Amino acid sequence: MSLRKKIMFLCVGNILLVSLTLGIFMSVRMNHLTNDVVESNSEFSEVAGGMSAESMTAQMRKRMTELTGSNAELANAKFEELENQVILLANLAQKIYENPDSYSAREVALPDADKDGELSIQLLHSASVTDLDDPGIQEKIGLLGNLQDTLYEVNNNFENMASDYVAIEPGLMIQADYISGSKFDENGQILPYEADTRPWYQGAKESGKPYFTPVSRDAHTSGTGIMCGVPIYVDGEFLGVAGAGMYLSDIEQLVADIRLGSAGFACIINQEGQVIFSPKESGALMVDVENQTDLRSTDNVSLSGLVRSVLAGSSGITTLEMDGEKYYIAYAPMDKVGWGFLTVLGEDEVLEPTNKLLKEMGIHSQQTVDNMERTVQVSLVSLIIALIFFCVFGAILAVVVSAHIVKPIKVLTERVEKVDGDNLDFTWELKNKDETAILASSFLAMTQKMKEYIKNITEITAEKERIGAELNVATKIQADMLPKIFPPFPDRSEFDVYAQMTPAKEVGGDFYDFFLVDEDHLAIVIADVSSKGVPAALFMVIAKTLIKNHAMSLESLGDVFYRVNNQLCEGNEEGMFVTAWMGVVTISTGEFEFVNAGHNPQLLMNNDTYDWIHAQPGFVLAGLEGIPYSSEKLKLKHGARIFLYTDGVTEAQNASEELFGEERLLESLQRNGHLPLQQMLEAVRADIDTFAGDAEQFDDITMLAFEFF
């Protein structure tokens, strides 16, 4: 069968098969979809109900916690403001009585019944003060008089303040209030006032700090109030108490104004565990004036625990059973007076919006199902009509498309078959712009790139062969520059030398050297040039040559490195440097002089064990011009050995990127250091190779051993 017939048969057959399959699938799928919508709506209602309940509960808990905390802080601030005003009075009284000479005596009037109802300053005293004209009493009264203006302003500017006062021993008191008429008995005589028997006085005196009294009813106005007392000390001695009382109408109104839902409310519990403010007229959290209950000892364990927690200074929110119902209760402390602020909301009110939401969702879900069924019926009819149309249209389209596709494919096939072996010529003249043209264009580009690639490969291969040949020559030149004939001085029995170097690349930057300066002096050198490869090798040649030339001139080792450093710094624009270590042994005496230019510490065996040659290293060569270098000396014994190496030894890595390190090097020398020099270096190198395993060598490895007989 031709390609054209195959395309036509395939297109028509696929359209019929797809149409039939799609029709059956869509019919079944529509029915399943309707059922899924019903089930999904049911599941969604359940999930949404749960999520709504959780969301409403979380929002309610957050709101109740924030509301409780902010209102507790607001109420607490009022008591803190009262305390600050009383502290102000106490501080002023202390200042006056500590510096009596700085204040003149001021007269204080006794209570005046005609001023009842207006703010006035009055002098009160206890029954023990029988003679107000006594000079000592008059002196104290005169000093008290300096408090009049402050007492007046504090009372006048503090909302809900009933009175403020300062009482001092023995039995004198100055007070600002609106009830001067209440200071007289039925005979018109001024009543004595025993301040030291009052709770605010006794509490402040005993505690030695600001003290708040329990809530009480004002005898004259029947309002609920609280008093604060602050002790006054003069030169460490107790003088008296400053105090003030305020009405709690603002606190009571604050509680009354809080509304949560239809039945939520707030209440305040005092330090005795008793409800003192609450809008509730019944239940555990009502205010019972006649029979106040300490909620810390109630039979409701959850409620008593909550009250204990808030009075202990804790805050939070919890749920508990109370009065036969379940409530959310948020609580926060009022630290200044030791009270607790509670906000209460029934659980039913929290879930009411969720229940309403579920009902509305049920109605909406049914409407969705009805609409879905109607949509499915319309969609099935539309699908059948569309499938018939596409079958007819597909058959016509298959005939046209197959003819259009086959021709360029046939031409492309013929042209491609001609490309073979060395014949990479390919041409394309058809004007079509379909995928066949793109494929032809790609094939044309591919053949052109193949030609260029073959040409480039030929050139690159030749270049690599040239570079490889040059590197082989460079490797041999570098190897030839280093001493490699051992033993190097067969006619000298006073010493032995052996060395080896393995570069990380074809050529390296490490080098070693040893040479006779004269018949009685042998120089040994090891060095490491920064960087690797050809640049390091070239720099190595220069450094090695300079060191040997200057050493042969019998200069001191410090001068040798000084001059070499300066010459290497000249024109060193690449910033390369050399770490080097050089020693000269006097063969006849065993005296050994050495100098270090930033190189690793070397090892010496002078008493059967190896140890580091500790010396202060100088700066690297070629690093900075004009750097001085100093040498050090030691005495070699018979059989002494010196082991020189570069950092490629200690910094060899294994597959885990661990370093061979100085400790392993020392252990290897202690174990193999008495072998003949060549075997010793081969054993150390074997330990390095065993440690590194299959890890690649990243740095040149160079070692030199010297033995003195």
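Only a predicted model underlies this, so the values are computations on that prediction, with no experimental measurement involved.

A tally of helices and strands in the protein chain yields 13 helices and 22 strands. The burial tally for the protein chain puts 41% of its 709 residues in the buried class. Accessible surface, the protein chain as shown: approximately 38100 Å² in total, 54% of it carbon and sulfur.

When two helices pack together, their arrangement is captured by the angle between the axes and the distance separating the axes. Two elements in contact, helix α9 (residues 533-552) and helix α10 (residues 557-569), have axes separated by 9 Å at closest approach and are oriented at 145°. Seen from above, α9 lies across α10 with right-handed handedness. In contact with Phe539, Ile542, Ala543, Leu546, Ile547, His550 and Ala551 of α9, α10 contributes Val560, Arg563, Val564, Gln567 and Leu568.

Attention now moves to the sheet that holds strand β20 (residues 632-635). Sheet architecture is open: five strands sit in the order β14-β15-β16-β17-β20, paired in antiparallel fashion. Both outer strands of the open sheet, β14 (510-518) and β20, are each paired with one neighbouring strand and no more. Going from strand to strand, the sheet's axes swing by 20° on average, the running direction of each strand aside. Of the strands in this sheet, β16 (578-586) and β17 (591-597) touch α10, which is tilted by about 150° from β16.

All right, on to the nonpolar core then. In globular proteins that are soluble, nonpolar side chains generally tend to be buried together. Within the largest apolar cluster, 55 residues are counted, with the highest numbers of intra-cluster contacts made by Met582, Leu621 and Phe706. Not counting residues within four places of it along the chain, the set of residues in contact with Phe706 comprises Phe495, Asp496, Val497, Leu522, Ile524, Val585, Leu636, Ala640, Arg641, Ile642 and Leu677. In this structure, Phe79, Val166, Ile258 and Ile268 belong to the second largest nonpolar core, which totals 53 residues.

Turning to α10, a few remarks are in order. The end-to-end C-alpha distance of α10 is 18 Å, a good match for the 18 Å that 13 residues give at a rise of 1.5 Å each. Of all the positions in α10, only Leu557, Gly558, Val560, Phe561, Val564, Asn565, Asn566, Leu568 and Cys569 are classed as buried. Among the structural elements, α9, β16 and β17 are those in contact with the buried residues of α10. Remark: Gly571 follows α10 within two positions and exhibits a positive phi of approximately 70°.

Turning our eyes to something else, we now look at the sheet that holds strand β19 (residues 610-612). What the five strands build is an open sheet, ordered β13-β22-β21-β18-β19; its pairing is antiparallel. Edge strands, defined here as strands with exactly one partner in the open sheet, are β13 (495-502) and β19. Strand after strand, the sheet turns through a mean of 15° between neighbouring axes, direction not considered. Here strand β21 (residues 641-645) pairs with strand β22 (residues 701-708) via five bridges, running antiparallel. Along β22, the bridge assignment pairs Leu644 with Leu704. Here helix α13 (residues 677-692) sits on the sheet and contacts β13, β19, β21 and β22; the angle it forms with β22, its principal contact strand, is near 150°.

Of note, the bond from Glu169 into Pro170 is cis; its omega dihedral lies within 30 degrees of zero at 10°. Considering the arrangement of structural elements, one finds Pro170 in the loop between β2 (161-168) and β3 (172-177). Of note, the bond from Phe486 into Pro487 is cis; its omega dihedral lies within 30 degrees of zero at 0°. Positive phi, normally seen in glycine, also occurs at Asp323, with a value near 55°. In this fold, Asp323 is placed in the loop between β10 (316-322) and β11 (325-334). Assessed through its relative accessible area of 46%, Asp323 is described here as partly exposed. Although it is not a glycine, Ala622 sits at a positive phi angle of roughly 75°.

A few words now on the environment of Trp428. Considering the arrangement of structural elements, one finds Trp428 in the loop between α7 (347-418) and α8 (435-481). Once residues lying within four places of it in the same chain are set aside, the contact partners of Trp428 are Pro408, Val411, Leu412, Arg415, Thr436, Ala437 and Ala440.

Within the span of helix α3 (residues 148-157), buried status applies to Gln148, Leu151, Val154 and Asn155. The buried residues of α3 occupy an angular sector of 140° when the element is viewed end-on, so they sit on one face.

Below, the discussion takes up the packing of aromatic side chains. Summed over the entire model, instances satisfying the criterion amount to 18 aromatic pairs. Ring geometry for Phe561 and Tyr629: centres 6.0 Å apart, planes at 85°, overall edge-to-face. Highlighted residues: Phe561 in helix α10 and Tyr629 in the loop between β19 and β20, separated in sequence by 68 residues. When sorted by exposure, Phe561 lands in the same class as Tyr629, which is buried. Put simply, the rings of Phe486, Phe489, Phe495, Tyr498, Tyr512, Phe514 and Phe706 pair up and form one aromatic cluster.

A word on a negative patch on the surface. A contiguous patch of negative charge on the surface is contributed by Asp112, Asp114, Asp116 and Glu118. Among the secondary structure elements, Asp116 is positioned in the loop between α1 (3-98) and β1 (120-125). Accessibility expressed as a relative area gives 45% for Asp116, which makes it partly exposed.

What follows deals with the pairing of strand β6 (residues 224-234). Counting buried positions over the eleven residues of β6 gives nine, a clear majority of the element. The sheet contact formed by strand β5 (residues 216-217) and β6 spans two bridges and is antiparallel. Bridged to Arg217 within β6 is Thr224. Connecting the antiparallel pair β6 and strand β7 (residues 237-247) is a turn made up of two residues, with Asp235 showing a positive phi of about 55°.

Taken as a whole and judged by the stated rule, the model has 14 salt bridges. The closest approach of N and O atoms between Lys205 and Glu169, which form a salt bridge, is 3.2 Å. With Lys205 in helix α4 (residues 199-207) and Glu169 in the loop between β2 and β3, the pair connects residues that are 36 residues apart, well separated along the chain. Lys205 sits in the partly exposed class, given a relative accessible area of 38%. Residue class for Glu169 comes out partly exposed when judged on its relative accessible area of 32%. Beyond isolated ion pairs, a larger network of salt bridges with shared partners links Arg492, Glu494 and Glu519.

Below, the discussion takes up the side chain of Glu707. Locating Glu707 in the fold gives a position in strand β22. On the basis of relative accessibility, which here comes to 12%, the residue Glu707 falls in the buried class. Engagement of the side chain of Glu707 in a polar contact is seen with the side chain of Arg641, the distance being 3.2 Å. Those residues within four positions of Glu707 in sequence are excluded, and the remaining contacts are Glu494, Phe495, Asp496, Gly639, Ala640, Arg641 and Leu677.

The rules we used
Residues numbered from 1 in each chain as written. Predicted model: local features only at pLDDT ≥ 70, side-chain atom pairs only at ≥ 80, totals over all residues. Heavy atoms only, no water. Helix = DSSP H or I, 4+ residues; strand = E, 2+ residues; numbered from the N terminus. Buried < 20%, exposed > 50% of the residue type's maximum accessible area, 1.4 Å probe, protein only. Areas by Shrake-Rupley, 256 points an atom, 1.4 Å probe, with all protein chains shown as cover. Axes fitted to C-alpha atoms, helices over the stretch in contact; angles between N-to-C directions. Left-handed = near helix turned anticlockwise from the far one by under 90°. Contact = heavy atoms within 4.5 Å. Pairing = 2+ DSSP bridges. Core = buried A, V, L, I, M, F, W, Y, C linked by side-chain atoms within 4.5 Å. Expected span 1.5 Å × (residues − 1). Arc of directions from axis to C-beta. Phe/Tyr/Trp six-rings, centres within 6.5 Å; stacked < 30°, edge-to-face > 60°. Patch = residues over 30% accessible without salt bridge, like charges linked within 9 Å, V, L, I, M, F, W, Y side chains within 5 Å. Salt bridge = Lys/Arg side-chain N within 4 Å of Asp/Glu carboxyl O. Lys, Arg positive; Asp, Glu negative; His and termini not counted. Charge placed at Lys NZ, Arg CZ, Asp CG, Glu CD. Polar contact = N/O pair within 3.5 Å; in protein donor to acceptor, adjacent residues only side chain to side chain.

Shape is all these values report; function is a separate question.
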